[in-house]
Amino acid sequence: MLVSKNLKTNENILQEAFKDCADIVYRPFKAGADKNIDMVLVYIDNIVDTDVIENSIMTNLMNRTRVGWGENILDKLKAEAISVGELDEETDFENLFTSILLGDTVIFAEGEEKALVASTKGWPTRGVPEAENEIVVQGPKDAFAESVSKNVVLMRRRIRDTSLKVFRTKIGRRSQTDVAVMYMDGIVRSEVVEKVKKSLENIDVDAILDAGYIEQMTERKWWSPFPQVQMTERPDKASAALFEGRVVVAVDNSPMVLMLPSTLNTFFQAAEDYYDRWEIMSFIRLIRYAAAFIALGLPGLYIALTLYNPNLLPVEVVLKIAGTRINVPFSAVTEVFIMEIAFELLREAGIRLPSPIGSTLGIVGGIVIGQAAVDAGLVGPVVVIISAVTGICTFVIPNQSMVNGIRLCKYGVLALSAVLGLFGFWIGIMLTLVHLCSLGSFGIPYMYPYCSASENGWDDLKDSVVRMPLFMLKKRPVFSSAKNRVRRD
């Protein structure tokens, strides 16, 4: 539907479209040298900057314009009167509806078959918050907020280069959510950018409320428990990803951005890895990988060894475990499942409760329930230790999505170990590795650089399980364009 020359007709169309919307403001007024031009402003209350409307639009149109009837009214006003930085013309009502809902102000004039759209967005937002999930001891403390524009600014602050490109689009038939795709021109692979844009174009849904929607809708193998898109709340980490040739996708109303392509290796990297000395950071990375293996396999290994292969354990250990289980009425498998589920319940309860109560519940609940279960003879103390160590190891891994994938696969390894013993344990581990090898992210193998590392001259192994000194990291990862892969001579 197009804008009509009749001002009253345009106002009726708007009132019909926004029927029963009490926050829509219609402000009729007269402008021009002789105050003989009928005009109307339309905007949504509380999501606009009223100072801009009053000082940059209303005051100028009513008191400082000399446009006369019969002239190209809106063109003259656009050129001489309205002092708003972003001002566009529009003739389609569907686009005008979207602009109003986004916080813009639409200006209609009698006799004009178009309208002016002035950028007056001013909805309530948080300031730049502090990182809550990806906490570092040494490094920046700021984090992304729920405003996509503010998040882009946080990236611009760190990357003062004209090569940083920002492509904006809207996704969601009803939500019309702003999405910003950022990449470094010349460093990123052009085919990756095209794949990302195409994936976003193919998303056909009524609403996008968080970056998690886009994460799930762009993953090829949606049935995998492991994430194929990395998310972060840290601007410094997202900026580093751009310098590596990756693409960053920021979504309005979400304090997290997406970084892609993503590999298994990237989920074990933290921003702090590059702010401290390479020796300690390499040691910490080794701990993370060891913790991932323990979180995945320790309960299953305990079951396999105690039920099927106790001969592989020292005699003293076997006797000690057997002595603690004399009064336990359940099998070892049931014991482990009871404690694992109890730990999962404590974890979820701690997350949902307010922070002071949640941390207290995790500590007190774990101690009280674990000790009470042992005293009641429901589980043995060794199983409590196994579950506690497994849970602690999941907190070592810096990415929550990866932790969730390991938590799910842990039960598969546990079930196979309960049925087939040590043979089932290794089957579970190998099936997990085979599944990881089958994954990919926008053309990059998921297990890179542990496979095909020769593609980049083996240099990516310098920033994998261990992190070599910064002066040795001369090349960008394989994510980047082959023509611009050298970061320093």
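To start, this report covers the structure provided alongside it. (Residues numbered from 1 in each chain as written. Predicted model: local features only at pLDDT ≥ 70, side-chain atom pairs only at ≥ 80, totals over all residues. Heavy atoms only, no water.)

Turning our attention to the overall build of the protein chain. On a plain count of helices and strands, the protein chain comes out with 15 helices and 12 strands. Its C-alpha atoms give the protein chain a radius of gyration of 30 Å, more than 25% over the compact-globule value 23 Å for 489 residues. Reported as C-alpha extents along the three principal axes, the dimensions of the protein chain are approximately 105 × 60 × 35 Å. Here the protein chain, with 489 residues, has 48% of them falling under the buried criterion. (Helix = DSSP H or I, 4+ residues; strand = E, 2+ residues; numbered from the N terminus. Rg over C-alpha atoms; globule rule 2.2 N^0.38 Å. Buried < 20%, exposed > 50% of the residue type's maximum accessible area, 1.4 Å probe, protein only.)

Here we come to the pattern of salt bridges. In the structure shown here, the tally under the stated rule is 22 salt bridges. Ionic pairing is found between Asp463 and Arg285, a salt bridge with its closest N-O pair at 2.7 Å. Of this pair, Asp463 sits in the segment after strand E12 (444–445) while Arg285 sits in helix H9 (residues 278–307), and the two are 178 residues apart along the sequence. By relative accessible area, Asp463 is classed as buried at 14%. Because the salt bridges share partners, they merge into one network encompassing Glu340, Glu344, Arg347, Glu348, Arg407 and Lys410. (Salt bridge = Lys/Arg side-chain N within 4 Å of Asp/Glu carboxyl O.)

This part takes up the sheet that holds strand E4 (residues 105–109). The 5 strands are arranged E1-E2-E4-E5-E3 in an open sheet whose pairing can be described as antiparallel. The sheet is open, and its two edges are formed by strand E1 (24–31) and strand E3 (87–90), each paired on a single side. Across the sheet, the mean angle separating the axes of adjacent strands is 25° when strand polarity is ignored. Taken together, the 4 bridges between E3 and strand E5 (residues 115–118) define a ladder with antiparallel strand orientation. Counted as the bridge partner of Leu87 is Ala118 from E5. (Pairing = 2+ DSSP bridges. Axes fitted to C-alpha atoms, helices over the stretch in contact; angles between N-to-C directions.)

Before going further, it helps to spend a moment on the sheet that holds strand E10 (residues 257–260). Overall, antiparallel pairing links the 5 strands, which are arranged E6-E7-E9-E10-E8 in an open sheet. Taken across any chain shown, the strands that pair with only one partner, and hence form the sheet edges, are strand E6 (164–171) and strand E8 (230–232). Here the strands of the sheet are splayed against their neighbours by 25° on average, with no regard to which way each runs. Its contacts with the sheet place helix H5 (residues 148–158) against E6, strand E7 (177–184) and strand E9 (247–251), and it is angled at close to 170° to E6. (Contact = heavy atoms within 4.5 Å.)

A few words on the pairing of E5. Here E5 shows two buried faces, one formed by Ala115 and Val117 and the other by Leu116 and Ala118. When E4 meets E5, the two strands line up antiparallel, connected through 3 bridges. Within E5, the residue paired with Ile107 across the bridge is Leu116. If you look at the hairpin formed by E4 and E5, you'll find 5 residues sitting between the two strands, and Gly111 has a positive phi there, around 90°.

On to helix H2 (residues 50–63). The largest bend in H2 amounts to roughly 25° and is located at Ile57. Those residues of H2 lying buried are Ile53, Ser56, Ile57, Met58, Asn60 and Leu61. Tucked inside the fold, the buried residues of H2 contact E1, strand E2 (37–44), helix H3 (73–80), E4 and E5. (Bend = angle between axes of the 7 residues up to and from the residue.)

This next bit is on the side chain of Thr432. Inspection of the secondary structure assignment puts Thr432 in helix H15 (residues 422–438). Thr432 has contacts with Phe226, Leu296, Cys409 and Val413, leaving out every residue within four places of it along the chain.

A word on the side chain of Asn10. With respect to the element layout, Asn10 can be found in helix H1 (residues 7–17). Here Ser4 takes part through its backbone oxygen, which lies 2.7 Å from a polar atom of the side chain of Asn10. Beyond its immediate sequence surroundings of up to four residues, Asn10 is in contact with Val3, Ser4, Phe93 and Phe108. (Polar contact = N/O pair within 3.5 Å; in protein donor to acceptor, adjacent residues only side chain to side chain.)

It is worth spelling out the packing of aromatic side chains at this point. Here a ring pair, both rings aromatic, is described through the centre-centre distance and the interplanar angle of the planes. Tallied over the full model, the rule gives 9 aromatic pairs. Relative to Phe97, the ring of Phe93 has its centre 5.8 Å away and its plane inclined at 35°; by these criteria the two rings are tilted. Of this pair, Phe93 and Phe97 both sit in helix H4 (residues 93–101), 4 residues apart, which is roughly one turn of that helix. Assigned by exposure class, Phe93 and Phe97 land together as buried. Judged by centre distance (5.0 Å) and plane angle (70°), the rings of Phe425 and Trp426 are edge-to-face. Three or more aromatic residues joined by ring pairs make a cluster, and in this case those are Phe18, Phe93, Phe97 and Phe108. The ring of Phe167 carries the charged tip of Lys197 above its face, separated from the ring centre by 4.5 Å. (Phe/Tyr/Trp six-rings, centres within 6.5 Å; stacked < 30°, edge-to-face > 60°. Lys NZ or Arg CZ within 6 Å of the ring centre and 35° of its normal.)

That's the geometry; what it means functionally is another story.
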